[in-house]
Every structure is written in structure tokens, then in C-alpha cells.
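Single-letter residue listing:
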Amino acid sequence: MRLRLPEERPTEPPAGYKIAHPVLSHDGTRAGFTGVSLGAALPYRVLDEASCVYGRRHRPPSRLCDCGFHCVHDRPTAEALLCTAEHRTCVLLEVSVLGAYIRFEHGFRSARQRVRTATLPPCGCGAPATVLADAGWGRPGWRVLVPACAGCVGGRTALTAAAFALLAGEGLRVRSAAGQGPAAGAVRGPDAVPPLGPPLPEGLGLPELAAELALLQARLDWLQSRLARLGPPERPDATEPPG
């Protein structure tokens with residue numbers, strides 16, 4: 001007799017949590033995430049379908065395979081994974097479990113998923129992260145990014161949290177672990193001050209502009225430090241007659 005797993009028909013998609021590395025495509029036109037264990041070599045989009053990491057032709061999730069999107073039930077369990085040294089620069093994802101899924105004691109393995117929220121950990125210096133900078137490694141066609149503050153970016157390729165959210169699309173929200181609220185989304189309300197100029201692009205507001213200015217200032221400081229190493233420019237001798 002073949003045992004069958006009990007079927008669930010939830011009224012709304014179950015929620016789950018996981019950690020991942022944010023990634024940026026080599027041409028800078030797409031953004032997504034890559035896992036930290038099984039399937040880490042296959043970056044995925046905000047809304048994506050799973051494929052078998054072993055190249056088998058079955059449809060994930062299969063009971064006889066480990067394929068599918070993995071996540072845990074509760075946020076504290078996922079946050080505990082960020083304590084290890086190799087996962088300190090990962091972001092915490094809140095996902096919706098879509099399509100067929102298998103429920104386990106601690107989480108799900110699903111055919112599809114939607115990343116709803118990405119929470120950035122603090123920068124390595126301890127300051128709140130406002131940008132995602134090149135980590136110095138990646139996958140073929142993808143650069144892995146790490147959360148950083150504007151002062152630690154230097155000359156590396158970097159994106160603000162809002163810019164990453166816009167590239168990733170599908171309504172992704174990017175937050176800071178410092179609890180500053182969503183990094184993507186304009187501030188609206190009855191007390192909002194009307195704009196003095198042209199309207200901002202959708203998804204950009206005061207927090208995003210402040211992050212952009214901080215990133216620009218950090219790059220200017222880095223350029224000034226490089227110019228200072230070159231020394232002052234040579235000036236012609238004032239006693240020599242003009243040629």
C-alpha cells in the first residue's frame with residue numbers, strides 16, 4: 001500500500017523565512033538572490049520557479065529528491081542562521097510559499113516562491129546598512145553583494161537599497177535591520193509636504209535620496225583621498241618670463 005501525504009488547501013499562501021546572498025547581474029540590469037547551501041549555484045528572481053539542482057526531469061518538489069525552494073516556518077530560526085561567520089553578510093528574506101509544497105517539521109520545500117521582504121544586516125563596521133556593495137566574488141554572470149554603509153563602500157560597485165528593489169521588481173521591499181522602515185516606497189500621508197519640483201520616480205522618497213547623497217559623498221571623499229596621494233599640481237615659476 002502506497003502512503004500519500006495529506007493535502008493542504010490554504011486560503012492564502014503560507015509564509016516562510018530564509019537567508020540568501022543578494023546578487024546583481026554582470027550587466028547591472030537584473031537583481032535577485034542566491035542560496036547558501038543546496039542550489040547556491042542557481043540564482044533566483046523575486047518571483048521564480050524551482051528546478052532540480054541535479055538536472056533531473058521531475059517537477060519540484062519531489063519526495064525522492066531535495067529540489068525546491070527551502071524555507072523555515074518562523075523568523076527566529078532563520079535569524080539564528082545569520083550568527084555563523086559565513087552567513088554574517090546574508091540578508092533575511094520573508095517569502096510566500098507558492099505552488100505545490102511539502103511541509104516538514106521546521107519548514108517548507110516548494111515549487112515556486114515570491115520574496116516579499118529582504119532585511120539587510122548592519123554593515124561590518126556596525127553602522128546601519130544603506131547600500132549593497134560588490135562582495136568581491138560571485139557566480140557566473142552574477143556579482144554577489146554585501147550590505148554596507150556609505151562610508152565603507154569606497155570605490156566598489158554599489159546600489160542603494162531602493163535601486164536594488166527596483167531592479168529586482170515584483171514589489172520587493174528592502175528594509176534595514178536597524179528598524180528604519182522600508183527602504184523602498186515613497187512617504188505619503190495627510191501631512192506630506194507637496195513637492196517643489198517634478199515628481200520623483202515611483203519607489204523613491206526621502207530615505208532613498210538621503211542614501212544616494214551619502215553614497216555620493218563617500219565616493220567624493222574616496223576620490224579626494226586618491227588625489228591627495230598624488231600631491232599638489234606643479235605650478236610654473238612666477239619669476240620666469242612668459243614664453
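All residue numbers here refer to positions counted from 1 along the written sequence of the relevant chain. Totals for whole chains, interfaces and linings use every residue, but because this is a predicted model, local features are given only for residues with pLDDT of at least 70 and side-chain atom pairs only at 80 or more, for both listing and counting. Side-chain measures were taken over the full set of non-hydrogen atoms in the model, leaving aside hydrogen atoms and water.

Trainee: Explain the confidence of the model for the protein here, please?
Mentor: Detailed conclusions should not be drawn from predicted coordinates in areas where pLDDT is low. Looking at the protein as a whole, its pLDDT mean stands at 82, while 78% of the residues score no less than 70. Summary of the metric used: pLDDT quantifies the predictor's per-residue confidence within the range 0 to 100. Here a helix means four or more residues in a row that DSSP labels H or I, a strand means two or more in a row labelled E, and each is numbered from the N terminus. Highest mean pLDDT in the protein belongs to strand 1 (residues 15-25) (97); lowest belongs to helix 3 (residues 206-230) (72). Pairs of residues are marked as contacts when any of their non-hydrogen atoms sit within 4.5 Å. Low pLDDT (under 50) marks residues 179-200, which in the prediction has 24 contacts with non-local residues, meaning those over four places away or in another chain.

Trainee: Mind showing me how you'd approach the pattern of salt bridges here?
Mentor: Between side chains of opposite charge, pairing is possible as soon as their charged atoms come close. For this document, the term salt bridge refers to a Lys or Arg side-chain nitrogen within 4 Å of an Asp or Glu carboxyl oxygen. Tallying each qualifying case throughout the model produces five salt bridges. A salt bridge links glutamate 8 to arginine 103; the shortest N-O distance between them is 2.8 Å. Of this pair, glutamate 8 sits in the segment before strand 1 while arginine 103 sits in strand 5 (residues 91-103), and the two are 95 residues apart along the sequence. One salt bridge connects aspartate 48 with arginine 45, and the closest N-O pair in it is separated by 3.0 Å. Taking the relative accessible area as the measure of exposure, aspartate 48 reaches 13% and is therefore buried. Arginine 45 sits in the exposed class, given a relative accessible area of 52%. The cut-offs for exposure are 20% and 50% of the maximum accessible area for each residue type, with area from a 1.4 Å probe on protein chains only; residues under the lower value are buried, those over the upper are exposed, and the others partly exposed.

Trainee: I keep staring at the side chain of threonine 160 and nothing clicks. Help me out?
Mentor: Secondary-structure assignment places threonine 160 in strand 9 (residues 158-160). A relative accessible area of 4% means that threonine 160 is categorised as buried.

Trainee: I tried to follow unusual backbone geometry on my own but got confused; where do I start?
Mentor: Between proline 60 and proline 61 the backbone carries a cis peptide bond, its omega angle lying at -5°. One non-glycine residue, glutamate 170, lies in positive phi territory at about 60°. Secondary-structure assignment places glutamate 170 in the loop between helix 2 (161-168) and strand 10 (173-176).

Trainee: Mind showing me how you'd approach the side chain of threonine 117 here?
Mentor: Position of threonine 117 among the secondary structure elements: in strand 6 (residues 107-120). Not counting the four nearest positions on each side in its chain, threonine 117 is found in contact with Leu92, Leu93, Glu94, Leu172, Arg173 and Arg175.

Trainee: Can you help me understand the pairing of strand 5 in this one?
Mentor: On a regular strand, each side chain points to the face opposite its neighbour's, so the side chains alternate between the two faces of the sheet. Think of it this way: DSSP has to see at least two bridges between two strands before they count as a pair. In terms of strand pairing, strand 1 meets strand 5 through six bridges, oriented antiparallel. Each residue of the ladder has a partner; that of isoleucine 19, found in strand 5, is leucine 92. Examined bridge by bridge, strand 5 and strand 6 share 10 bridges and lie antiparallel to one another. Residue glutamate 94 lies in a different strand from strand 6, and its bridge partner there is threonine 117. Where strand 5 folds back on strand 6, the antiparallel hairpin that results is connected by three residues.

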